[in-house]
Amino acid sequence: MEIFSHEYFMREALKEAKKAFDTNEIPVGAVVVCKNKIIARAHNQTEVLTDATAHAEMLAVTAAENYLGSKYLNECILYVTLEPCVMCAGALHWVQLERLVFGASDVQRGYSLVSSPLLHPKTEVVKGVKADEAKLLIDEFFKKLRL
């Protein structure tokens, strides 16, 4: 079995972020990986679904839970292009995610701005994977909005 890298899966999450960008959503993408296989993909859909909770992470987690038939993702890795917000981090706590890998930090709304720990104590965190590409896409999106 071929083992894929964090960069490989983050590229897949970036593809999802580009889908969001193309539909005028904040360009955040996510994939859930279990045993080296992508089991769920999602991108932000808050505008198209008129749902403030339709973040890429939330949609990907729900799809992964449905795929596995379980409310726990303790053997899964979530790759997301932007640091999760407090809402998404709370959801990741409840699903007992094994590992969170994110690209760009969110200096305005990221979960790490909160002083108390939000993720499950067993969740490992890897930061900064393909962060420059993720940040560039977000910067392009907001630049486009200001024109």
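What you see is a predicted model, and the numbers here were worked out from it, not measured in a lab.

A. Local environment of the UniProt feature "active site" (unreviewed entry) in the protein. This chain's UniProt record puts "active site" (unreviewed entry) on Glu57. Within the secondary structure, Glu57 is located in helix H2 (residues 56-68). Filtering out sequence-adjacent residues up to four positions away, Glu57 remains in contact with Val28, Ala30, Leu78, Val80, Leu82, Pro84, Cys85 and Cys88.

B. Quick peek at the UniProt feature "domain: CMP/dCMP-type deaminase" (unreviewed entry) in the protein. In the numbering used here, UniProt assigns the feature "domain: CMP/dCMP-type deaminase" (unreviewed entry) to residues 4-114. The annotated region residues 4-114 carries 35% helix and 23% strand content, and the separation between its end C-alpha atoms amounts to 32 Å.

C. Structural context of helix H4 (residues 131-146). Across its 16 residues, H4 extends 23 Å between first and last C-alpha, which sits within 8% of the 22 Å expected from 1.5 Å per residue. Among all positions of H4, only Ala131, Ala134, Leu137, Ile138 and Phe141 are buried. Along H4, the residues classed as buried sweep out an arc of 140° about the axis, all on the same side. Counted as exposed and oriented over 90 degrees from the buried face of H4: Asp132, Lys143 and Arg146. On its buried side, H4 packs onto helix H1 (6-22), strand E3 (76-82) and strand E4 (99-104).

D. Here's a closer look at the pairing of strand E1 (residues 29-34). When you tally the buried positions in E1, you get six out of six residues, the bulk of the element. Judged by which residues are buried, E1 turns out to be covered on both faces: Gly29, Val31 and Val33 on one side and Ala30, Val32 and Cys34 on the other are all buried. Here E1 runs beside strand E2 (residues 37-43); their pairing, made up of six bridges, is antiparallel. If you follow Ala30 over to E2, its bridge partner there is Ala42. Remark: two residues form the turn of the hairpin made by E1 and E2, two consecutive strands paired antiparallel; Lys35 in that turn has positive phi of roughly 55°. Pairing between E1 and E3: five bridges, direction antiparallel. Across the sheet, the residue bridging to Ala30 is Val80, located in E3.

Analysis parameters
Residues numbered from 1 in each chain as written. Predicted model: local features only at pLDDT ≥ 70, side-chain atom pairs only at ≥ 80, totals over all residues. Heavy atoms only, no water. UniProt positions renumbered as here; feature names shortened; annotations may be inferred. Helix = DSSP H or I, 4+ residues; strand = E, 2+ residues; numbered from the N terminus. Contact = heavy atoms within 4.5 Å. Expected span 1.5 Å × (residues − 1). Buried < 20%, exposed > 50% of the residue type's maximum accessible area, 1.4 Å probe, protein only. Arc of directions from axis to C-beta. Pairing = 2+ DSSP bridges.

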